[in-house]
Amino acid sequence: MKELGNKAEAVRYPLLVIDTEKLNQNLETLAARIHGAACSLMIVTKGFCADPHIVALLLGSSAVDYLADSRIQNIQTYAGRGKETVLLRLPQVCEIPEVVRWADISFNSEMETIRLLNEEALKQHKIHRIVLMIDLGDLREGIFFKEEATIFDTLEAIQALSNIRLAGIGTNLTCYGAIIPKKDNLSVLSALAERIESQYHLKLAIVSGGNSSSYYLIEKGELPKGINNLRLGESFVLGGETAFQSPIKGASTDAVILEAQIVELKIKPSMPIGEIGMDAFGKRPVYEDRGLRKRAILAIGRQDIDSEGITALNPRIRVLGASSDHLLLDVTESEIPYQVGDIIPFTMNYSAFLRAFTSPYIGRRYIEPQ
Ligand SMILES: *Cc1c(COP(=O)(O)O)cnc(C)c1O
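Remember, predicted model here, so these are calculated numbers, not experimental data.

A. Spatial organisation of the overall build of the chain. Of regular secondary structure, the chain possesses 10 helices and 17 strands. Taken along its principal axes, the extent of the C-alpha atoms in the chain is 75 × 50 × 40 Å. Carbon and sulfur atoms make up 51% of the accessible area of the chain, which totals about 17,400 Å². Each charge sign in the chain was given a centre, from 40 positive and 46 negative side chains, and these centres are 2 Å apart.

B. View of a nonpolar patch on the surface. On the surface, Met-271, Ile-276 and Tyr-287 cluster together into a nonpolar patch covering about 230 Å² of accessible area. Structurally, Ile-276 is set in the loop between β11 (256-269) and β12 (292-298).

C. Just the nonpolar core, in detail. Core analysis: the largest hydrophobic core is formed by 95 residues, its most contacted members being Leu-58, Ile-169, Phe-236 and Leu-298. If we ignore the near neighbours within four places in the chain, the residues touching Leu-298 are Ala-260, Gln-261, Ile-262, Val-263, Asp-325, His-326, Leu-327, Leu-329, Ile-344 and Phe-346. Core analysis: the next-biggest nonpolar cluster, separate from the first, contains 12 residues, Met-42, Val-44, Ala-68 and Ala-167 among them.

D. A look at helix α10 (residues 350-358). If you check which residues of α10 are buried, you get Ala-352, Phe-353, Ala-356 and Phe-357. Looking down the long axis of α10, one finds its buried residues gathered within 125° of arc, a one-sided arrangement. For α10, the side-chain oxygen to backbone nitrogen distance between the N-cap and Ser-351 is 3.1 Å, and the N-cap itself is Asn-349.

E. Examining the site of the ligand more closely. For the ligand, the set of nearby residues contains 13 residues, the closest of which are Lys-46, Ser-212, Arg-231, Gly-233 and Glu-234. Ser-212 has a polar side-chain atom sitting 2.5 Å from an oxygen atom of the ligand. In the complex, the protein chains occlude 93% of the 390 Å² of accessible area that the ligand would expose alone. Here the residues of the shell around the ligand are counted per class, giving four nonpolar, four polar and five charged.

Analysis parameters
Each chain carries its own residue numbering, running from 1 in the direction its sequence is written. Given that the model is predicted, a residue must reach a pLDDT of at least 70 before its local features are reported, and side-chain atom pairs must reach 80 or more before they are shown or counted; all residues, however, enter totals for whole chains, interfaces and linings. With hydrogens and water set aside, each side-chain value is computed from the structure's full complement of heavy atoms. A run of DSSP states H or I qualifies as a helix once it reaches four residues; a run of E qualifies as a strand once it reaches two. Both are numbered from the N-terminal end. With residues, only the protein chains shown are counted as cover, and all accessible areas are computed by Shrake-Rupley using a 1.4 Å probe. Positive residues here are Lys and Arg, negative ones are Asp and Glu, while His and the chain termini are left out of the count. To locate a charge, take NZ of a lysine, CZ of an arginine, CG of an aspartate or CD of a glutamate. Distance thresholds for patches are 9 Å for like charges and 5 Å for nonpolar side chains (Val, Leu, Ile, Met, Phe, Trp, Tyr), applied to residues having over 30% relative accessible area and no salt bridge. By definition, a salt bridge exists where a carboxyl oxygen of Asp or Glu is found within 4 Å of a side-chain nitrogen of Lys or Arg. We define a nonpolar core as any set of buried Ala, Val, Leu, Ile, Met, Phe, Trp, Tyr and Cys residues linked to one another through side-chain atoms lying within 4.5 Å. Categorising residues by exposure relies on relative accessible area from a 1.4 Å probe, with only protein chains included: less than 20% of the type maximum marks a residue as buried, more than 50% marks it as exposed, and the intermediate range marks it as partly exposed. Two residues form a contact once any of their heavy atoms are found within 4.5 Å. Within this analysis, the arc is defined by the directions that extend from the helix axis to the C-beta atoms. Here a polar contact is recorded for every N or O atom pair within 3.5 Å, except that within protein the pair must consist of a potential hydrogen donor and a potential acceptor, and residues adjacent in sequence are included only if both atoms are side-chain atoms. Near, as used in this document, describes a residue that has one of its heavy atoms within 4 Å of the molecule or strand being considered. For this classification, Asp, Glu, Lys and Arg are treated as charged, while Ala, Val, Leu, Ile, Met, Phe, Trp, Tyr, Cys and Pro are nonpolar and the rest, including Gly, are polar.

Have a look at this one:
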């Protein structure tokens, strides 16, 4: 790990430091357990905006069975390079030609869209595969699981299309409704898969049981039989499962670190002086009077990160808050004699991580294996 409070090198900050060896280790750890549970591994690239270095690592690994993203622009960057590509977000009507061109498989829940995909696939002389999404109660995408007639009518309509093939069924949990995947709700999906297979005499290549929040079921040995795929984004990059936010054994939670530079360091009161109005984001802040404190201002802000989702590696640093371009830290308790120009490293939660990779103002440095 980088030393706390390192002097700035001749690079631009803020910076994401990406340790590809640790990412590789995370991938190997996840793949061993996923494949060990008779599941295929779909790695989700949206969290890191399909960063080309990370994608190269994934393309080169036999542990990865599918590469998936919610944005077709990201999929375009790696389509046709050796992995099956999957569009996770339901296709927009305006992007049907790109979806057929770049994605081998897309997740769907609307027959109108599936018909448009069929027409486009016919034009492009392609077979497009789809995963029919089933909503098990999280109330995001998918046909509601209780509407069995709709599910089977849709399956029959799909099978009548010339250029569409059913790759499988899938579900998404812990997204909108924060519903935890369990043996009982995921069993509904595996039972449905079994019925589809026997009724239509086919084998579903994909019965996709969710995202990083379903991973813990594998560790507990409770993933229902018949679920044969998981889609992992956050657990790969941040090394934690997301149903209970626990770190995964054998994975690193610090494979990607954020670094930002101190531009001001002063001792100031902890209570602002004057009448308190609204802050830059329309909120009325509440302050605790802790006397005089040593405060550092870093050149990074809410345009780049979620300030509530970052944690300094130095446990004695407290994040006070941020405006658009400034991050405020309380460094009073730190034993390190920080100076202007010093670099402060942080870990990130998924929200901060997403925004950091999306910000064009944050650079990236890759630590490659020796
Ligand atoms: C983003 C996304 C995932 C990946 O979720 P993680 O929690 O990052 O593992 C999986 N499936 C769908 C449909 C998604 O949109």
